[in-house]
Amino acid sequence: MAGETGGETDGVLDFVTVTVADLRLALPLSAVRAVIRLPELVRIPLGPPSLDGLAHWHGDAVPVLDLAGALGRPGSAAPTRETRVVLVGHRGQMGGKTGGQTVGLRVDAMAGILRSSPDRIDPVTQEEGGLDPVLLDGLLRDGPATILKLDALIDRQFGDPAEMERTDRGSASATAGFGPVPAGGTGAAGGAKGTVDRQALLVFEVAGQEFALPVDRVREVLPAPREVTRMARSKAHLLGVMAVRDRLLPLVGLRALFGLEAGDGHESSGLAAGRRVVVVRSGGGQAPVGVLVDEVREILRLDPALIDPVPPLLAREPEFEDLDGIARADGGAAGGGRRLVSVLSAERLFRHGAAIGAEAGAEAGAAEAVGEGDGMEPAQPADGSNGIGGAGERFVVFRLAGAEYGLPVSAVREVLRRPDSITPLPNAPDFVAGVLTLRGEVLPLIDQRRLLNLPAADSKSGLSKSGPAGLERGRVVVVGRDGLLVGLLVDGLSGLLTVQAERIGPAPAVSAAQRRLIRRVATLDVAGDAAGAARLILLMDADSLLDMDRLAELPVTPR
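Residues numbered from 1 in each chain as written. Predicted model: local features only at pLDDT ≥ 70, side-chain atom pairs only at ≥ 80, totals over all residues. Heavy atoms only, no water.

Caption draft 1: Molecular detail of the overall build of the protein. Summing up its helical and strand segments, the protein has twelve helices and 34 strands in all. Residue burial in the protein is summarised as follows: out of 559 residues, 52% are buried. In the protein, 63% of the contacts between residues at least 6 apart in sequence involve partners at least 24 apart. (Helix = DSSP H or I, 4+ residues; strand = E, 2+ residues; numbered from the N terminus. Buried < 20%, exposed > 50% of the residue type's maximum accessible area, 1.4 Å probe, protein only. Contact = heavy atoms within 4.5 Å.)

Listed below in structure tokens is the structure:
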């Protein structure tokens, strides 16, 4: 009976009543954590058809079920102003206990709170309102309302917890342990044959031109803010400062720095229109600096011999002092030498950032000399435990079907543009799109949308498999370990991100297949968003992606 779930006070039981389709349902109050308006949801793959997605609540990623769909009611109603999400504790979070996980149930409306004595609750003797009696805990005469067995309902949607535990024990480490990548980042792509120690570069675009920074000097990549606080009488390329996790980040504009835009050179308008901020780390006690770019394109691992110094004739010119070299990204003479990428100097970018800090200090009327970290954050090493300079785990973040996913930097060999054509592989699993040759090695290409049972991209989104827009924007994330290589077809690259340990938690277990591939989730605040919005990044298990046999056996729930 319902009394087993708790919530009994002086012999009286408390319930939250809700409406779903044509049903009036009662949920034990002891299991209810909160009732909230419908939040922004991030879709999680490999879940049941009733799973709407993940929501951010008090620092946690919470799966949200469409309760009508979970109960088998046809045609879930479109959300309205009355739509609510009831957050309930599942297996270990009821009655004040900890453990288990919080689950959201989307309902049409909250009806109220009802108190009833046990003698006013009738047992379920037959199918009630078309619902399975196994999911019901009784009938409230005073509602009237049907009491749900929450654990039974959620277990039916997410699978047997014991089976998920067996899946966890039989699969790879939850932290995708790859160990550190040697300096220069050889990894499997370059070091498997022991030939070349390659330089890893993050490539981005500014005004149609390509620039790069060494990956080990990039702290993270953030969405551009809606507003930037400019310093009075500053140079055009010194954009000002932006707020990042309660700290201030100096922002340098490459368009104005290299004279790549017309007009007065200011970049303050339209910052949030898809542009990115590459946060450059110093590693020497200096505060980080943000570089505003138009698009993050890829991660390349190049033979250092393909990165040439700036020609002496150009090196003497002031506009070239911010460059460390020029990379022949197409392989030099063999590739025609047509694709040249300017490699920026992180050290000289820090001087620009210090200049912004100095101007900020002068504008505030500072009476003492301004140090390198002033105008950014309290004096402390950039790699300390606070702010954006804090230590954490680094991820390559990519986009897929409207959500963001991450893989440890140590597992990612490089990120490439999607090739114009893919060689098919006969008799391969459905999720294998074909093969690609990378510097003499053949690697299978995994279509992540097929693997994760996500809807196919369409031409309207610009991510079709065959259209020119898809070929231009799509990326291949190359994952490798111990000589094994696979390429993951994704929609686009968001960039690099450093995530503090306290911001990473276990992913909600919605199916055995999801639990094997997506074990953790990062929950981040959105920079500059006063409403407290959160950014959820699904962290994939790299070891599992390399085991093709186990991938072929994934028990995917059909949608």
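Caption draft 2: How the structure looks around the sheet that holds strand β8 (residues 101–107). In spatial order, the strands read β4-β7-β8-β6-β5; together these five strands make up an open sheet with mixed pairing. Edge positions in the open sheet fall to β4 (32–37) and β5 (51–57), since each of these has one partner strand only. Within the sheet, the average angular offset between the axes of one strand and its neighbour, ignoring direction, is 30°. Along the sheet, helix α2 (residues 150–158) contacts β5, β6 (60–66), β7 (84–90) and β8; its crossing angle with β7, the most-contacted strand, is approximately 95°. (Pairing = 2+ DSSP bridges. Axes fitted to C-alpha atoms, helices over the stretch in contact; angles between N-to-C directions.)

Caption draft 3: α2, seen in detail. In terms of burial, α2 is a largely internal element, seven of the nine residues being buried. Gly-159 lies just past α2 and shows a positive phi near 100°.

Caption draft 4: Molecular detail of the side chain of Thr-17. Relative to the helices and strands, Thr-17 is located in strand β2 (residues 12–20). Residues within four places of Thr-17 in sequence aside, it is in contact with Arg-24, Leu-25, Ala-26, Met-110, Ala-111, Gly-112, Ile-113 and Leu-114.

Caption draft 5: The arrangement of the pattern of salt bridges in detail. In total, this model carries 22 salt bridges according to the counting rule given. Put simply, Asp-14 and Arg-115 hold a salt bridge, and the shortest N to O gap is 2.7 Å. Here Arg-115 lies in strand β9 (residues 109–116) and Asp-14 lies in strand β2, a separation of 101 residues in the sequence. Asp-14 sits in the buried class, given a relative accessible area of 12%. One salt bridge in this structure joins Arg-535 and Glu-404, with 2.6 Å as the shortest N-O distance. (Salt bridge = Lys/Arg side-chain N within 4 Å of Asp/Glu carboxyl O.)

Caption draft 6: Highlighting a nonpolar patch on the surface. The grouping of Leu-29, Met-110 and Ile-113 at the surface amounts to a nonpolar patch, some 250 Å² of accessible area in total. Tracing the backbone shows Leu-29 in the loop between β3 (23–28) and β4. (Patch = residues over 30% accessible without salt bridge, like charges linked within 9 Å, V, L, I, M, F, W, Y side chains within 5 Å. Areas by Shrake-Rupley, 256 points an atom, 1.4 Å probe, with all protein chains shown as cover.)

Caption draft 7: Spotlight on the pairing of strand β23 (residues 340–344). In terms of burial, β23 is largely enclosed, as four of its five residues are buried. Where strand β14 (residues 209–214) meets β23, two bridges bridge the pair, whose relative direction is parallel. The partner of Phe-211 across the bridge, within β23, is Ser-342. Relative to β23, strand β22 (residues 323–328) is paired through five bridges, and the arrangement is antiparallel.

Caption draft 8: Region of interest: the environment of Ile-446. Structurally, Ile-446 can be placed in strand β28 (residues 441–447). Residue classification places Ile-446 among the buried positions, given a relative accessible area of 0%. Taking the C-alpha atoms as reference, Ile-446 lies 9.2 Å from Val-490; in sequence the two are 44 residues apart. For Ile-446, the contacting residues outside a window of four places in its chain are Phe-431, Leu-451, Val-486, Gly-487, Leu-488, Leu-489, Leu-545, Met-548 and Leu-551.

Caption draft 9: Examining the sheet that holds strand β16 (residues 238–244) more closely. The sheet built from five strands is open, its strands ordered β15-β18-β19-β17-β16 with mixed pairing. The open sheet has two edge strands, β15 (218–223) and β16, and neither has a second partner. Averaged over all adjacent pairs, the angle separating strand axes in this sheet is 30°, with direction ignored. Pairing analysis gives three bridges linking strand β17 (residues 247–253) to strand β19 (residues 289–293), with the strands arranged parallel. When the sheet's bridge partners are listed, Leu-251 is paired in β19 with Gly-290.

Caption draft 10: Structural view of the nonpolar core. Membership of the largest hydrophobic core comes to 95 residues, with the highest contact counts inside it found for Phe-204, Tyr-405, Leu-407 and Leu-517. If we ignore the near neighbours within four places in the chain, the residues touching Phe-204 are Gln-209, Glu-210, Phe-211, Ala-212, Leu-213, Leu-254, Val-278, Val-293, Glu-295, Val-296, Arg-297 and Leu-344. Membership of the second largest hydrophobic core comes to 20 residues, among which are Val-279, Val-397, Ile-504 and Ala-522. (Core = buried A, V, L, I, M, F, W, Y, C linked by side-chain atoms within 4.5 Å.)

Caption draft 11: How the structure looks around the pairing of β6. Within β6, six of the seven residues are buried, which leaves the element mostly enclosed by the surrounding structure. Across six bridges, the pairing between β5 and β6 is antiparallel. Across the sheet, residue Leu-51 finds its bridge partner in β6, namely Leu-65. Taking the residues that link successive antiparallel strands as the turn, the β5-β6 hairpin has two residues, and the phi of His-58 there is positive, at about 50°. In this structure, β6 lies alongside β8, joined through three bridges in parallel fashion.

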